[in-house]
Amino acid sequence: MREQLLAAEKVKAIEWRDGTLYLLDQRLLPQQEVWLAYDSAAEVADAIRDMVVRGAPAIGIAAAYGLVLGVRARLAEGDADWQVALEEDFTVLGESRPTAVNLFWALERMRERLQRLKAGDDALALLEAEAIGIHQSDREANLTMAQLGMELIRRHQGNPQNILTHCNTGALATGGFGTALGVIRAAYLEGLVERVYADETRPWLQGSRLTAWELLGEGVPVTLNADSAAAHLMKTRGITWVIVGADRITANGDVANKIGTYQLAVNAMHHGVRFMVVAPSSTIDMGLESGDDIPIEERDGRELLEVGGRRVAADVEAFNPVFDVTPADLIDAIVTEKGIVERPDAAKMAQLMCRKRLH
């Protein structure tokens, strides 16, 4: 199955080449495919903040490479205390987005590698290898989750199904292949998907611009719908699964994801539709007891009030939270590269985190 999945992979959003980070500008898709080059930590932080790169795993990977760029710049300055100066880069990258825990997980991995340096080590080469390892590990985790999630779908209903997804969780949001969209791709390859319904995902339209584009390019039948049509779809179109990603999962199994996920879970429970969350274990934050502890990013209200830079709304204030929290008791399964947790709770999440990766 792994080779079949790799053969189906056609999209990537992050490339590290000759000491430069290249990011596919996701703000311009699908009309334009433009790659931007970055050679400083501050530039990478701006790219994360400005949504050039988005998706929790991809943000973490970009930040890891951003820190490599910071190491190179600090070493070039010739300061013996370059590691102290590097703290500025840790800070600027860490402040770029507050909700996606993969960002902080990746930076912590880079910090741990930094702390293990010994006299005479090639610091730049070792930190670069760590960042590349984070990137490759995420891609491998996605391939494992794709197979696990596909088998879960097969176990519950083996015939072709209609699936609803929200936001973008494909190769564009990760180190490759995708989380929730990776499961959907694998299920399609196995003949388990009749059609995917993609929420448009206001206000950045990740479903319209990114998810639909990825699926179209791979020949997966996809229909775009307004976010507010989801309950109607569940009632009338035979939706059997809602499959989404996550930006942070807490110790009790609560899930922070793109705004609108919570209401999908409520609607899914009412209509008897199963609800799957797909995310690598790096998204799980065992330091937070529940979703009430997750910092929820709010962005500029102009994202709601304007279209293409032109104001279309009345002269009012706008409330623009980027994420919401879905309680664990609304979730049927959390799929990670370490395994599947069905009907998650604190005990099951703790048990999961003690496991080794399956790949």
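Since the structure is predicted, the reported quantities are computational estimates derived from the model, not experimental observations.

### Quick notes on the pattern of salt bridges
Alright, step 1. Tallying each qualifying case throughout the model produces 23 salt bridges.
Alright, step 2. Note that Asp285 is salt-bridged to Arg248, the shortest N-O span being 2.8 Å. Highlighted residues: Asp285 in strand β11 (residues 284-285) and Arg248 in strand β8 (residues 248-250), separated in sequence by 37 residues.
Alright, step 3. Under the relative-accessibility criterion, Asp285 is labelled buried at 14%.
Alright, step 4. The partner of Arg343 in a salt bridge is Asp332, with the nearest N and O atoms 3.3 Å apart. Remark: Asp332 occurs in the loop between β14 (323-326) and β15 (333-336) and Arg343 occurs in the loop between β16 (339-342) and α12 (346-353); sequence separation between them is 11 residues.

### Observations concerning the sheet that holds strand β9 (residues 255-258)
Alright, step 1. With respect to topology, 4 strands assemble into an open sheet ordered β11-β8-β9-β14, the strand pairing being mixed. If you trace the sheet from one side to the other, it starts and ends with β11 and β14, each paired once.
Alright, step 2. Note: β8 against β9, 2 bridges, orientation antiparallel. Bridge assignment links Arg248 to a residue of β9, and that residue is Ala256.

### Details of the UniProt feature "binding site: substrate" (unreviewed entry) in the chain
Alright, step 1. Mapped onto the present numbering, the UniProt feature "binding site: substrate" (unreviewed entry) falls on Arg54, Gly55, Ala56, Arg97, Gln206, Asn257 and Lys258.
Alright, step 2. When you line up the elements, Gly55 lands in the loop between α2 (41-49) and α3 (56-76).
Alright, step 3. On the secondary structure map, Arg97 appears in the loop between α4 (82-94) and α5 (101-115).
Alright, step 4. What makes Arg97 buried here is its relative accessible area of 4%.
Alright, step 5. Setting aside chain neighbours within four positions, we find Arg97 in contact with Ile48, Arg49, Met51, Ile59, Leu103, Phe104, Glu297, Arg299, Val322 and Phe323.
Alright, step 6. Of note is the side chain of Arg97, whose polar atom sits 2.6 Å from the side chain of Glu297.

### Here we look at helix α8 (residues 206-217)
Alright, step 1. Look at α8: 15 Å from first C-alpha to last across 12 residues, which is about the 16 Å you get at 1.5 Å a residue.
Alright, step 2. Of the positions making up α8, those classed as buried are Gln206, Gly207, Arg209, Leu210, Thr211, Ala212, Glu214 and Leu215.
Alright, step 3. Elements in contact with the buried residues of α8: β4 (161-165), α7 (180-189), β5 (193-199), β6 (222-225) and β9.
Alright, step 4. Positioned one or two residues after α8, Gly219 has a phi angle of 75 degrees, which is positive.

### Looking at the pairing of β15
Alright, step 1. In β15, alternate side chains face the same way, and those of Ala333 and Val335 on one face and Ile334 and Thr336 on the other are all buried.
Alright, step 2. Bridging between β15 and β16 involves 4 bridges; their strand directions are antiparallel. Directly across from Thr336, in β16, lies its bridge partner Gly339.
Alright, step 3. In this antiparallel pair of consecutive strands, β15 and β16, the connection spans 2 residues.

### Points about the sheet that holds strand β3 (residues 35-38)
Alright, step 1. Judged by pairing direction, the sheet is antiparallel, and its 3 strands sit side by side in the order β1-β2-β3 without closing on themselves. The open sheet has two free edges, formed respectively by β1 (14-17) and β3, since each of these has just one partner strand. Within this sheet the neighbouring strands show an average axis-to-axis angle of 25 degrees, counted without direction.
Alright, step 2. The pairing of β1 with strand β2 (residues 20-24) spans 4 bridges and is classified as antiparallel. Bridging from a neighbouring strand, Glu15 pairs with Tyr22 of β2.
Alright, step 3. Strands in contact with α3 are β1, β2 and β3; relative to β1, the strand with the most contacts, it is inclined by about 20 degrees.

Conventions used here
Residues numbered from 1 in each chain as written. Predicted model: local features only at pLDDT ≥ 70, side-chain atom pairs only at ≥ 80, totals over all residues. Heavy atoms only, no water. Salt bridge = Lys/Arg side-chain N within 4 Å of Asp/Glu carboxyl O. Helix = DSSP H or I, 4+ residues; strand = E, 2+ residues; numbered from the N terminus. Buried < 20%, exposed > 50% of the residue type's maximum accessible area, 1.4 Å probe, protein only. Pairing = 2+ DSSP bridges. UniProt positions renumbered as here; feature names shortened; annotations may be inferred. Contact = heavy atoms within 4.5 Å. Polar contact = N/O pair within 3.5 Å; in protein donor to acceptor, adjacent residues only side chain to side chain. Expected span 1.5 Å × (residues − 1). Axes fitted to C-alpha atoms, helices over the stretch in contact; angles between N-to-C directions.

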